[in-house]
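# Examining the three-dimensional arrangement
Given next are the chains, with one letter for each unit.
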Amino acid sequence: MRLLIKQLKPNANLNIQPIISLVRKFSSKDAQNKELKTTAEEVRKNITIEKYSGITTLNIDRQTTRNSLDVETLKEMTEAINAFDKDPEAKVLVFNGEGGSFCSGFDLDEIGSKGYSVLTDAAVRLLRRPLCDKPTIAAVQGYAVAEGFELALACDLRIIEETAILGCLGRRFGAPQGLYGGRRLTSLIGLSRALDLLMTGRPISGSDACTMGLGCKLTATGTALGESIKLAKSIIKFPQNALIMDKLAAINSQLNPNSEESMRDEAIMSSLLGSAIEDLNKGVQKFQGGIGKHGKFYKLTDMPLKDWELEETLEEIEVVVKEEDKKP
C-alpha cells in the first residue's frame, strides 16, 4: 500500500489523503495489532495522530522533504503533544516519520525565507526536559539528523533501525543544536563521544548509534514503528504513577539539576506519591495472589499477551552432547 501511495504522489495531482486514511484503517487489522482498538483522528496538513488504546502515535508526514520541520508542522506538533499531555487515557507517545525517514531537521528553505530564530520560536515546546511527563518513544528510521536527531534525543526511549542515519548534520551549515541536543546527547553517551558527533557532524548508522547507547533496541529496516508500539504496550501495563516519578528523577539528575524545571518535576513527583502508594498496595495484593512472582513480567494485568509479545521473552536452548563426553 505504501508503495502504491509513493507511485501516485509524484505522478498525479490527486488528493491522496483519503487513500492514506483507508490504508490506516485496514492496516489496523494486521495480525500484530488487531487486538488493539485503533482510531485515526485529526489528520492535519503535516502530521497524523493515531491512538491504539493507551498508545498515541504522532506521525510526521512531509515526505517530499524527508519530514523536515517548518513552522506550521512545529505548531501542529505542539498542539498534538499538549493534547497528549492532557488526555487521561493516553499513556505513551510514539514519534514516527512517514515514508521511510524519521525527521531531517528544520526546513532549510523556511530558514532562508523566515530566519532560524522563527523556527526555534515555533519549536519552543520541544525544549521541555522531559519532553512529556508521560513516556515517549522515537521510532527511528531513515534519516534522523539535525533537529530530527534532537527530537529523537528528546524522547525517553529510541527504537532504531539498523539502516537509519543519525547525526548533527546541521554542522555543515553552521546550525547549532538549538533544542538542547548537545546537553541531551552528552547525558546519554558521555562527553567524549558526544563531542565527536557534535564537533565533526559525522553521520552514524543505526547500528553505531545503538553501540554508543543511544537506542534501547536495534531492529530491522521497516520495523521501528511496530517494535515501538510493542514496547509501548509493554510499558502501559505497569502502574504509571511510580513509573513517571522514577523517570522524572532520572532525567532531573542529568538534565535539570537545581533548575526551575527540576522544581516543577519535584512538585509533580510529590503529587504522584499518594497515587503511587495506592498502586503499590494493589501490587502487593497481586503479588500475594501469585501474580508477578519469580521475576515474571507477563500476566500482570487482565490483558492477555499475544504470541508476538512473547517471542523475545522465550528462548530455546539446545544442548548437544558429544559421544566422547558420554564416556566416564
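An account of the accompanying structure is given in this report. What you see is a predicted model, and the numbers here were worked out from it, not measured in a lab.

## Looking at the overall build of the protein
Along the protein, the regular secondary structure elements total 14 helices and 10 strands. Partitioning the intrachain contacts of the protein with sequence separation of at least 6 by distance along the chain shows that 69% fall at a separation of at least 24. Accessible surface, the protein as shown: approximately 17,600 Å² in total, 55% of it carbon and sulfur.

## What about the packing of aromatic side chains?
Tallied over the entire structure, the rule returns 1 aromatic pair. Over the ring of Tyr180 we find Arg129; its NZ or CZ atom is 4.2 Å from the centre of that ring. The aromatic ring of Phe84 is capped on one face by Lys134, whose charged end is 4.8 Å from the ring centroid.

## Brief notes about the pairing of strand β4 (residues 92-97)
With 6 of its 6 residues buried, β4 lies for the most part within the structure. Judged by which residues are buried, β4 turns out to be covered on both faces: Val92, Val94 and Asn96 on one side and Leu93, Phe95 and Gly97 on the other are all buried. Judged from the 6 bridges that link them, strand β3 (residues 55-60) and β4 form a sheet pairing that is parallel. Paired with Thr57 across the strands is Val94, a residue of β4. At this point the chain moves from β3, through helix α3 (residues 71-86), to the parallel β4, and the crossover so formed is right-handed. Bridge count between β4 and strand β5 (residues 136-140): 3 bridges; the pairing is parallel. Of the residues in β5, the one forming a bridge with Val94 is Ile137.

## Some details on helix α8 (residues 191-200)
Looking at α8, one finds that the buried residues are Ala194, Leu197 and Leu198. All buried residues of α8 project into a common sector of 95° when viewed along the axis, lining one side. Among the exposed residues of α8, those oriented more than 90 degrees off its buried face are Ser192 and Met199. Among the structural elements, α7 (181-189), β9 (204-205) and α9 (206-212) are those in contact with the buried residues of α8.

## Here we look at helix α10 (residues 224-236)
In a regular helix each residue adds 1.5 Å, so 13 residues correspond to 18 Å; α10 covers 18 Å between its end C-alpha atoms and thus fits that length. All buried positions along α10 are accounted for by Ala224, Glu227, Ser228, Ile229, Lys230, Ala232, Lys233 and Ile235.

## Some thoughts on the environment of Gly206
Looking at the secondary structure, you find Gly206 in helix α9. Residue classification places Gly206 among the buried positions, given a relative accessible area of 0%. Between the C-alpha atom of Gly206 and that of Ile159, which follows or precedes it by 47 residues, the distance is 9.4 Å. Excluding residues within four positions of it along the chain, Gly206 makes contact with Ile160, Glu161, Glu162, Ala164, Leu166 and Leu218.

Each value, and the rule that gives it
- Residues numbered from 1 in each chain as written.
- Predicted model: local features only at pLDDT ≥ 70, side-chain atom pairs only at ≥ 80, totals over all residues.
- Heavy atoms only, no water.
- Helix = DSSP H or I, 4+ residues; strand = E, 2+ residues; numbered from the N terminus.
- Contact = heavy atoms within 4.5 Å.
- Areas by Shrake-Rupley, 256 points an atom, 1.4 Å probe, with all protein chains shown as cover.
- Phe/Tyr/Trp six-rings, centres within 6.5 Å; stacked < 30°, edge-to-face > 60°.
- Lys NZ or Arg CZ within 6 Å of the ring centre and 35° of its normal.
- Buried < 20%, exposed > 50% of the residue type's maximum accessible area, 1.4 Å probe, protein only.
- Pairing = 2+ DSSP bridges.
- Right-handed = clockwise from strand over helix to strand, strands pointing away.
- Arc of directions from axis to C-beta.
- Expected span 1.5 Å × (residues − 1).

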